[in-house]
Amino acid sequence: MNSISKIQKELVEEFSFFEDWMQRYEHMIDLGKSLPLIKEKYKTDDNIIKGCQSKVWMHAELEETKLIFTADSDAIITKGIIAILIRVFSKQHPDEILNADTKFIDQIGLKEHLSPTRANGLVSMIKQIKMYALAYKTQIN
Amino acid sequence: MNSISKIQKELVEEFSFFEDWMQRYEHMIDLGKSLPLIKEKYKTDDNIIKGCQSKVWMHAELEETKLIFTADSDAIITKGIIAILIRVFSKQHPDEILNADTKFIDQIGLKEHLSPTRANGLVSMIKQIKMYALAYKTQIN
Amino acid sequence: MDIEKIRKDFPILSRKIKGNDLIYFDNAATSQTPIQVINKISEYYSKYNSNIHRGVHFLSQEATSEYELVREKIKNHFNIAKKKEVIFTSGTTHGINLIASGYSNILQKGDEIIVSNLEHHSNIVPLQMLAEKTSSILKVIPMNLSGDLDLKAYKKLLNNKTKLVFVNHVSNSLGTINPIKEIIKEAHIHDAKVLIDGAQSAPHFKTDLIDLNADFYVTSAHKLCGPTGIGFLYGKEVLLNELPPYQGGGEMISEVTFEKTSYADLPHKFEAGTPNISGVIAFGAALDYLNGIGLKEIENYENELLKYATRKLKEVKGLRIFGEAKNKISVISFNIESIHPYDLGSILDKMGIAVRTGQHCAQPVMDFYQIPGTVRVSFSFYNTKKEIDFLILAINKAIKMLS
Amino acid sequence: MDIEKIRKDFPILSRKIKGNDLIYFDNAATSQTPIQVINKISEYYSKYNSNIHRGVHFLSQEATSEYELVREKIKNHFNIAKKKEVIFTSGTTHGINLIASGYSNILQKGDEIIVSNLEHHSNIVPLQMLAEKTSSILKVIPMNLSGDLDLKAYKKLLNNKTKLVFVNHVSNSLGTINPIKEIIKEAHIHDAKVLIDGAQSAPHFKTDLIDLNADFYVTSAHKLCGPTGIGFLYGKEVLLNELPPYQGGGEMISEVTFEKTSYADLPHKFEAGTPNISGVIAFGAALDYLNGIGLKEIENYENELLKYATRKLKEVKGLRIFGEAKNKISVISFNIESIHPYDLGSILDKMGIAVRTGQHCAQPVMDFYQIPGTVRVSFSFYNTKKEIDFLILAINKAIKMLS
Ligand SMILES: Cc1ncc(COP(=O)(O)O)c(C=O)c1O
Ligand SMILES: Cc1ncc(COP(=O)(O)O)c(C=O)c1O
């Protein structure tokens, strides 16, 4: 099992402890508080991800062969969502990011608990992460 | 009771003999066959009454102080309707035409048996008859 | 196909009109509605009525996903490449106007638009308005006595000035199925774009838009066992992107300031304002219903009704059928010698038979035959041969009365 | 007013959302539908579904007279001079676009159009499109912090170049009731025509169009306990006669040949194609329902809810209400310090409370306050103080979670 799948499994287990959505939301909000924040200088319009009522900025940079993501949002639940994604995809090799599936999102029950706008936002974030992976992959090779 | 009311009463009685709409329609169609026909030269676009799927031409002329109506239609039921109106309003003094009410139409049950388009046509015909009465009234005075 | 079972799905078919069973032969004007569709509307308003797309809350999410699911259903049913190429409209007329109006910024003076002589007014008037606005020229594909379009003449009309061709798939007044695949192919040789008016075809046989390669396609739900006030427009993505938005409002924008407004992407760009949400959802239920029976089964059965009725009607003395194309759907327009169609229609109505009389919003067709109108009977899959027999009886009775 | 009895008319109000009773506070987006209206739709499709106006047959006659009866009901309800001044549209957005588009042939370069800063996008974008097409100038009535329009500034904007003024009766984002009678009077001094967007006012208090002397008025049924996909446009006869038809099609013509087409009279000139017949008929049932309760009663009760909720919300720490006009309807837009409206809305949703968050299709209002959006609660006559109490509890719980 590679590192991404392991983290995904961890997350699914972590969320399965909670009995109701309320606790899951609280946990998500907590995770949001530990989000690796994007540097202010990267908080540009170019780095905004569309598809959310709230704003999301995301930045990626390469450390050797691993991609490091940082991000921020003006909404705290959105921060939680992106924190989950970053926990899964940050510090990973672009190839692994590109190959990773995203079933864990359904397993956590994230999508059914998010509004469609937010679920769209989530899809956009994953797309963006994979785009970064694609872009940096060529830099490594 | 003036002449118009008398004819109206007659018509209502006549129609009350019939038990179903089918017989009433047949009677109306019969009446249509005795419609005093408009002269061909008056069958102009100016004399067409709007508001019918079928065409109705109507003409009026003064004989002393009475108005004489002639008409035609390309549809036979429409001919019946106009024949009924002409029986009531032709050979009458314009003043009497203008003062006449048209309750007899409801009493015959004409409106409820006609399609709205035809009922509209009926209203247009009565309007037209009253317009002629108004126009010729001034000629008499 | 179990007709008796199907008929039970349509509450209106058990209506009595002045003591007679209702016989509904006005399907080309609007189709009847099965209980499954009626129930879907009630369900919507009883369970998840809500404004869509922008809502955070549960009801809005449910309504949005049901609504978007129908876009998907339409995409599949009509074989459309992309979901965003499906634009909800209030009906065929709206769809045609949207496209015609969109081209008023694109067409140049002297450009040519082709339309057929067989069209419904909805597919003529918007083009007259477009031609007037742009000083382009409207040309007409002529028809012949059988009710077919003259394809040779069509090919001669086409040239490199032709920008648009608007043709219906099936004529509502005569029932003719037009050879639209060929019409489209010929137009594309000259790089003209083709809009297909599918109002009368979609109810009767399967339409494959990728195969036809139509540029635009429009239809109405109310002729497809669905509700009134809803239809859809299909357009190829590149073409829709070239057109300006039709209406401004909520939903169709991405950013609004008084200085500058930017528009949303397809399909939202063309869906300004709160849409007919219940209409869309019920439209989906109607497609499910039709697919449950099977469009091929419907087509076969309706063809049988057409043949049967044509044969029976021809036995009526003095009756003339207008439109005897080889390829036609279950619509028959006719007149009886020296009887006005309106008179005949009125008498049939009194016997519980609903037919349409008049010009059927297709005055050029009536002008072609030099008649004031016709009586039109149009069958749907819930009609029966028994009903057709009764029609023949009723016509003969009416002829007696009216002669 | 017996609220418990009224609530029983609305099937959706007994819905549970994740174990909680649904509390529907998104009435400004769309209102809920009483069973009387739902039943009317079912009745239509079960008993007399038919295309209207041109039919000889019984169903068509029934459908036509029910349809036209609603025109009469609207005329009476909104105190309109003539039936033919009532045009059915697919909603407010459609009505605004119809008028704005109609004036694109009338306005001249340099003419001026006035709109307010308080408008819904539907009442901005069509005017931007009109201004662009005609090279006319769009001017904006500014607002102040309380959410009121600046009438002094408005008067200064008016001059003899002003041709049109488009203003909503009530702001959907803040609830402000605008002084439209005065706005109309001032505009008329300069011979400008005024369109009133009544989407948010019609549901909450009686509108008298003769008294207001509005030139045009639009609203949507779906905010009035009616169905989606239908609304109406009122216009003064002389003005509507000056405008070109908006869409071409069936129903709106009197004569069609390829050489020359002539248009039908009002209202048909603006009602091209098969209309939303069931929508119109259900709209009539909705008006009957509202009038059965009484608009004055509704207004008084909703005012009580507004006052109660305003007081309770103000007790919540860090909560700021946007829009505190003296005259307002039961809409409250607010934010809580350092909490994103979207977060708050999401948590409330999880507790079964439907509110709206975001810009409410009124980005200029948000830009004015320099906020990304608000949480908006909007009450209808079927809401209760108990529901408001639960809202306050839920907000406090959410604040704890989100801080
Ligand atoms: C003030 C105002 N104007 C216009 C609209 C648009 O109405 P519709 O979406 O029904 O066309 C709305 C509804 O959202 C509104 O609140
Ligand atoms: C061929 C054709 N085109 C267009 C229309 C107009 O459709 P709608 O009235 O639903 O807009 C019809 C329906 O009458 C039709 O039969």
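Summary of the structure given here. (Residues numbered from 1 in each chain as written. Chains lettered and ligands numbered in written order. Predicted model: local features only at pLDDT ≥ 70, side-chain atom pairs only at ≥ 80, totals over all residues. Heavy atoms only, no water.)

**Notes on the overall build of chain C**
Next up, step 1: Across its full length, chain C holds 14 helices and 17 strands.
Next up, step 2: A compact globule built from 403 residues should have a C-alpha radius of gyration of about 22 Å, and chain C, at 22 Å, falls within 12% of that.
Next up, step 3: Residues counted as buried form 69% of the 403 residues belonging to chain C.
Next up, step 4: In chain C, of all internal contacts separated by at least 6 residues, the share reaching a separation of at least 24 is 71%.
Next up, step 5: In the form shown here, chain C has an accessible surface area of approximately 13,400 Å², with 50% of it arising from carbon and sulfur atoms.
Next up, step 6: Of the side chains in chain C, 47 bear a positive and 44 a negative charge, and the two mean positions are spaced by 4 Å. (Helix = DSSP H or I, 4+ residues; strand = E, 2+ residues; numbered from the N terminus. Rg over C-alpha atoms; globule rule 2.2 N^0.38 Å. Buried < 20%, exposed > 50% of the residue type's maximum accessible area, 1.4 Å probe, protein only. Contact = heavy atoms within 4.5 Å. Areas by Shrake-Rupley, 256 points an atom, 1.4 Å probe, with all protein chains shown as cover. Lys, Arg positive; Asp, Glu negative; His and termini not counted. Charge placed at Lys NZ, Arg CZ, Asp CG, Glu CD.)

**Brief notes about the nonpolar core**
Next up, step 1: Core analysis: the biggest nonpolar cluster contains 302 residues, and F334 and F381 of chain C together with F334 and F381 of chain D have the highest contact counts within it.
Next up, step 2: Listed in part, the 64 residues of the second largest apolar core include L195 and V218 of chain C together with L240 and I253 of chain D. (Core = buried A, V, L, I, M, F, W, Y, C linked by side-chain atoms within 4.5 Å.)

**Quick notes on the sheet that holds strand 13 (residues 319–322) of chain C**
Residue and element names in this part refer to chain C.
Next up, step 1: Strand order in the open sheet made by the four strands is 13-14-17-16, with antiparallel pairing throughout. Only two strands of the sheet have a single partner each, and these edge strands are strand 13 and strand 16 (356–358). Averaged over all pairs of adjacent strands, the angle between their axes in this sheet comes to 30°, without regard to strand direction.
Next up, step 2: Two elements, strand 16 and strand 17 (residues 374–378), share three bridges in a ladder whose sense is antiparallel. Each bridged residue has a counterpart across the sheet, and for T357 the counterpart in strand 17 is V375. (Pairing = 2+ DSSP bridges. Axes fitted to C-alpha atoms, helices over the stretch in contact; angles between N-to-C directions.)

**Comments concerning the relation of the copies chain D and chain C**
Next up, step 1: Each copy of the sequence occupies a distinct position, and chain D is placed on chain C by a rotation of 180° and an axial shift of 0.0 Å, giving an RMSD of 0.0 Å. The relationship between the two copies is best expressed as a two-fold rotation axis. Among all C-alpha atoms of chain D, that of G229 of chain D lies closest to the rotation axis, at 3.3 Å. (Least-squares fit on C-alpha atoms with pLDDT ≥ 70 in both.)

**Observations regarding the site of ligand 2**
Next up, step 1: Lining the immediate environment of ligand 2, one finds 14 residues, of which T93, D197, S220 and K223 of chain C together with T274 of chain D sit closest.
Next up, step 2: Between an oxygen atom of ligand 2 and a side-chain N or O atom of T93 of chain C, the distance comes to 2.5 Å.
Next up, step 3: Contact between ligand 2 and H120 of chain C: an oxygen atom at 3.1 Å from a side-chain N or O atom of the residue.
Next up, step 4: For ligand 2, the protein covers 96% of the area, taking 390 Å² as the surface of the free molecule.
Next up, step 5: Here the shell around ligand 2 is built from residues that sort into one nonpolar, eleven polar and two charged. (Near = heavy atom within 4 Å. Polar contact = N/O pair within 3.5 Å; in protein donor to acceptor, adjacent residues only side chain to side chain. Nonpolar A, V, L, I, M, F, W, Y, C, P; charged D, E, K, R; others polar.)

**Examining the site of ligand 1**
Next up, step 1: Taken together, 14 residues lie near ligand 1, and T274 of chain C together with T93, D197, Q200 and K223 of chain D sit nearest.
Next up, step 2: Looking at the residues close to ligand 1, they fall on chains C and D.
Next up, step 3: Between ligand 1 and S220 of chain D, the relevant distance is 2.6 Å, taken from an oxygen atom to a side-chain nitrogen or oxygen of the residue.
Next up, step 4: Interatomic distance of 2.7 Å between a side-chain N/O atom of H222 of chain D and an oxygen atom of ligand 1.
Next up, step 5: Taken together, the residues of the shell around ligand 1 break down into one nonpolar, eleven polar and two charged.

**Digging into the pairing of strand 4 (residues 86–89) of chain C**
Residues and elements named next belong to chain C.
Next up, step 1: With burial as the criterion, each face of strand 4 is covered, one bearing V86 and F88 and the other bearing I87 and T89.
Next up, step 2: Pairing geometry for strand 4 and strand 10 (residues 231–235), over four bridges, is antiparallel. Following the sheet pairing, F88 is matched in strand 10 by F232.

**With respect to the packing of aromatic side chains**
Next up, step 1: Under the counting rule described, the total for this entry stands at 41 aromatic pairs over all chains.
Next up, step 2: Consider the rings of W21 of chain B and Y25 of chain B, whose centres lie 5.7 Å apart with planes at 85°: the pair is edge-to-face. Placement of the pair is W21 of chain B and Y25 of chain B together in helix 2 (residues 21–33), with a separation of four residues, close to one helical turn.
Next up, step 3: Relative accessible area serves as the criterion here: at 12%, W21 of chain B is assigned to the buried category.
Next up, step 4: Residue classification places Y25 of chain B among the buried positions, given a relative accessible area of 4%.
Next up, step 5: A ring pair is formed by F368 of chain C and Y369 of chain C, whose centres lie 4.9 Å apart and whose planes are at 75°; its orientation type is edge-to-face.
Next up, step 6: Taken together through their ring pairs, the aromatic side chains of F10, Y289, F381 and Y382 of chain C make up a single cluster.
Next up, step 7: In this arrangement the basic side chain of K43 of chain A is found over the ring face of W57 of chain A, its NZ or CZ atom lying 4.8 Å from the centre. (Phe/Tyr/Trp six-rings, centres within 6.5 Å; stacked < 30°, edge-to-face > 60°. Lys NZ or Arg CZ within 6 Å of the ring centre and 35° of its normal.)

**A look at the side chain of T162 of chain D**
Residue and element names in this part refer to chain D.
Next up, step 1: Among the secondary structure elements, T162 is positioned in strand 7 (residues 162–168).
Next up, step 2: Within polar-contact distance, the side chain of T162 engages the backbone nitrogen of N159 at 2.9 Å.
Next up, step 3: In contact with T162, not counting residues within four places along its chain, are E112, I114, L157, H190 and A192.

**Remarks on the sheet that holds strand 6 (residues 137–141) of chain D**
Residue and element names in this part refer to chain D.
Next up, step 1: Spatially, seven strands are ordered 4-10-9-8-7-5-6 in an open sheet, and the strand pairing comes out mixed. Of all strands in the sheet, those bounded by a partner on one side alone are strand 4 (86–89) and strand 6. Here the strands of the sheet are splayed against their neighbours by 20° on average, with no regard to which way each runs.
Next up, step 2: Pairing geometry for strand 9 (residues 216–220) and strand 10 (residues 231–235), over five bridges, is antiparallel. Within strand 10, the residue paired with S220 across the bridge is G231.
Next up, step 3: Of the strands in this sheet, strand 5 (112–116), strand 6 and strand 7 are in contact with helix 5 (residues 125–134), which crosses strand 5 at around 165°.
Next up, step 4: Most of the contacts of helix 7 (residues 180–189) go to strand 8 (residues 193–197), to which it runs at about 160°, and overall it touches strand 7 and strand 8.

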